[in-house]
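# Summary of structural features
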Amino acid sequence: MTAPSTNTAKPATGIPALFKTAFINALVALVLFSLMVGIRTEAGSDGQLTYWTRFGELASLVGIVFGGSIVMELLRQWIGPTGTEKLVPPAIRSGMSFVGRYLAPALLIFTLLVPVIFYNQRYILDLAILVLTYVMLGWGLNVVVGLAGLLDLGYVAFYAVGAYSYALLATNFGWSFWVCLPLAGILAAFWGVLLGFPVLRLRGDYLAIVTLAFGEIIRLVIINWQSLTGGPNGVSGIPRPTFFGIPLDNSDDGLAAKLGIEYSSTHRIIFLFYLILALALLTNWVTIRLRRLPIGRAWEALREDEVACRALGINTTTTKLTAFATGAMFGGFAGAFFATRQGFISPESFTFQESALVLAIVVLGGMGSQLGVALAALAMIGGFELFRGLEGYRMLVFGMAMVLIMIWRPRGLIGHRAPTVYLTKAQAISSDLVKEGHG
Amino acid sequence: MDYFAQQLINGLVLGSIYGLIAIGYTMVYGIVGMINFAHGDVFMIGGFIALITFLILVSLGLTAIPVILLVVLLVSMAITALYGWTIERIAYRPLRHSFRLAPMLSAIGMSFVLTNYSQVAQGARVKPIPPFITGGYTLHESTDGFVIQLSNIQIMVVLTTIVLLAIFTWLVSRTRLGRDMRACEQDQTMAALLGVNVDRTISMTFVIGAALAAVAGLMYLLYYGLVDFFMGFVAGIKAFTAAVLGGIGSLPGAMLGGLAIGLIETFWSAYFSVEYKDVAAFSILIVVLIFMPTGLLGRPEVEKV
């Protein structure tokens, strides 16, 4: 990882050069880690700072860098220069396309069967609901980032708007989940338009920072507006969802009693599972349909070249605004679902890390690819579960993964940005039609 | 009036710190055209290295304050500069010709790496140091007992900033490196054709930016008496706001923007509400970008096909 890429000079080969590079890398690592890792500081009980040395860890880290850069260099020489097209045997290629064609339906059928297979495993069901929530958020953000090419770093703001809309409407006015769900989406879309209208004229990375600032503003307002939102304590006692008015509990009016089956707390989990699955599939379906409409085509064109878009007479502001509002609306839906699933929400759940996680899912999945996003959400949330309890390390690995993906597969693991429309056959145009001055 | 004057002093000191960080953003944006999202965390690393060096020196028995300060300053500048160099080498250089959003995403990843690296390496708790530079001057005492204080540390922060800015301005306007930097800013291909080592110049930009951020980290440590692993995020966004407010790509603009943000934040906390001071700073970012995208001293950007 630390092996500096030699852009200008030809990569030196041979054992001495290899060791020289590794030695330099290890030296850099030694200086970098010397104070940050070699010395550990901690505030004592009286507020006085103490420190102790950790030379063992320092030495092993430097050793890892030394060994790692030798391995990296050998791998690089073994794989050969990057950027060359590899020839894939036709058999493997047709196999891949076969897998690609049937992977999505197979996954969908498996997902539908998850509650049946894992009926008694509460942990897996909870995890599956979490994964599906992120799949939905990823698909929602995919409209903004993957299709329209607008880098949105504050997506979590719309998630928060949705969650708080449902939580406050339900706890203050007692409105049902099914009334609040569309309202949460509409409110989030409204905020999307409100933010989007002035800022969407900005260039890519300016837009990213502004959306980031917007996300932080929403979070800070939620923390500080204590009379409305409960501040850092959050909102608790959010009503559970009902099966279109029939509660899923152990009472006489409950769904179990009406159906005449024995009550089990798993029913609610399974109901939540199918609810988020339906919401996620709705997001997917709307996105796929929108991609075939002129507005979807305009989004993709915008992603590829904004100037050309403007030249073709596409109103870039409205086009961006619809993408922003659509993405925000799905974020709002997901937020309302999150609130009803948790029963408790607080500003802690809506930090920048959450935005970055959803963004990483979209990027990892290959911006624009629906299947890729779903698989990336599965990999990401599953990976996070492996690092459960190691809060610091898991974000460390997450950050490294983001950098490495950008370097090795900037189009995502399942890169797929094929335009939805293209000319099927090459057309020859007579030269007198394209001559300058004749249009 | 006295209250106002005191806030003015506090705001200028805070603004100096923001300005030092903002220079790193504006330089990198000017040359590479990317927002170095990890720069706020470089500032945090600088603060940590200053703290650790300081601890070691004190425990070694050094008592001469100027010597300690000088050593801490140099060590933290040197190591943080190496951090800046390494970050550019690992996370940004391979992406220089990648698609538009790639460097930004890589920078976000790098920012997570740095934040959590220092959390893992140094623990999540806030690290306080005892007041190191004490004393100060009473400028004015009004009849109702309100005192305008100017502490030594405030004087030191502002003086250091001025001296560093002078050195930095000289570096950019008078040296070979500065000329190379300005050439790369205008046209990298042409600069390369004329014999400028573009890779090295970009590396040096990151090194200088990181060194200035390290100074800001040290100042923050001395002024507030604490560092923690999360301080880079908010400080980074505010410094970026400062760079945008001053006109991104413009060096005097970054300093001017830093001072403006420092003053606005201080006055907002003093006269309106402390809770919403970050909201005020972020709102300014949005408002400036909407109504004045080129900032105070920036040049308008023309998009060519």
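Residues numbered from 1 in each chain as written. Chains lettered and ligands numbered in written order. Predicted model: local features only at pLDDT ≥ 70, side-chain atom pairs only at ≥ 80, totals over all residues.

To continue, consider the overall build of chain A. Assigned secondary structure in chain A consists of 17 helices and 6 strands. Buried residues in chain A amount to 40% of all 439 residues. Sequence separation of 24 or more characterises 76% of the internal contacts of chain A that already satisfy a separation of 6 or more. (Helix = DSSP H or I, 4+ residues; strand = E, 2+ residues; numbered from the N terminus. Buried ≥ 20, exposed ≤ 12 C-beta atoms within 10 Å, placed from the backbone. Contact = placed C-beta atoms within 7 Å.)

Before going further, it helps to spend a moment on the pairing of strand β2 (residues 49-53) of chain A. Residue and element names in this part refer to chain A. Summarising burial for β2: 0 of the 5 residues are buried, a small minority. In the sheet, strand β1 (residues 39-43) pairs with β2 via 5 bridges, with the strands oriented antiparallel. Along β2, the bridge assignment pairs Arg-40 with Trp-52. (Pairing = 2+ DSSP bridges.)

On the chain B side, the residues contacting the 52 residues of chain A number 59 residues. Elements represented by at least two residues in the side of chain A that touches chain B include exactly α1 (15-36), β1, β2, α6 (177-199), α7 (204-224), α14 (352-364) and α16 (391-408) of chain A. The leading source of residues in the side of chain A that touches chain B is α7 of chain A, at 13 residues. Of the residues belonging to the side of chain A that touches chain B, the class tally is 38 nonpolar, 10 polar and 4 charged. (Nonpolar A, V, L, I, M, F, W, Y, C, P; charged D, E, K, R; others polar.)

The next thing to look at is helix α8 (residues 198-224) of chain B. Look at α8 of chain B: 39 Å from first C-alpha to last across 27 residues, which is about the 39 Å you get at 1.5 Å a residue. With respect to burial, α8 of chain B is a largely interior element, 20 of its 27 residues being buried. (Expected span 1.5 Å × (residues − 1).)

According to UniProt, the "transmembrane region" (unreviewed entry) feature falls on residues 12-35, 42-62, 68-87, 99-118, 153-172, 202-223 and 280-298 of chain B. Helix and strand shares over residues 68-87 of chain B are 100% and 0% respectively, and the end C-alpha atoms of the span are 28 Å apart. (UniProt positions renumbered as here; feature names shortened; annotations may be inferred.)

Positionally, Glu-300 of chain A belongs in helix α11 (residues 294-304). Measuring from C-alpha to C-alpha, the distance between Glu-300 of chain A and Ala-170 of chain A comes to 38 Å, with 130 residues separating the pair along the chain.

We now examine the pairing of strand β3 (residues 147-151) of chain B. Residue and element names in this part refer to chain B. Note: strand β2 (residues 136-141) against β3, 5 bridges, orientation antiparallel. Looking at β3, one finds that Tyr-137 is bridged to Leu-150. Adjacent in sequence and paired antiparallel, β2 and β3 are bridged by 5 residues, among which Gly-145 carries a positive phi angle near 95 degrees.

Attention now moves to helix α10 (residues 266-292) of chain A. A rise of 1.5 Å per residue sets the reference length of α10 of chain A, with its 27 residues, at 39 Å; its end C-alpha atoms lie 39 Å apart and thus fit the reference within 8%. Those residues of α10 of chain A that fall on the buried side of the exposure criterion are Leu-272, Phe-273, Ile-276, Leu-277, Leu-279, Ala-280, Thr-283, Asn-284 and Thr-287 of chain A.

On to the environment of Gly-68 of chain A, then. Take Gly-68 of chain A: it is sitting in helix α2 (residues 55-79). Gly-68 of chain A sits in the partly exposed class, given 17 other C-beta atoms within 10 Å.

Another point: the packing of helix α1 (residues 2-32) of chain B against helix α2 (residues 39-59) of chain B. Residues and elements named next belong to chain B. Contact pair α1 / α2: the axes reach a minimum separation of 10 Å and the direction vectors enclose 135 degrees. By the angle between their axes, α1 is oblique relative to α2. In this structure, the crossing between α1 and α2 has a hand that is right-handed. Where α1 approaches α2, its residues Ile-21, Gly-24 and Tyr-25 are matched on the opposing element by His-39, Gly-40 and Phe-43. Considered class by class, the residues forming the contact of α1 with α2 number 3 nonpolar, 3 polar and no charged. (Axes fitted to C-alpha atoms, helices over the stretch in contact; angles between N-to-C directions. Parallel < 35°, antiparallel > 145°, perpendicular 65-115°, else oblique. Left-handed = near helix turned anticlockwise from the far one by under 90°.)

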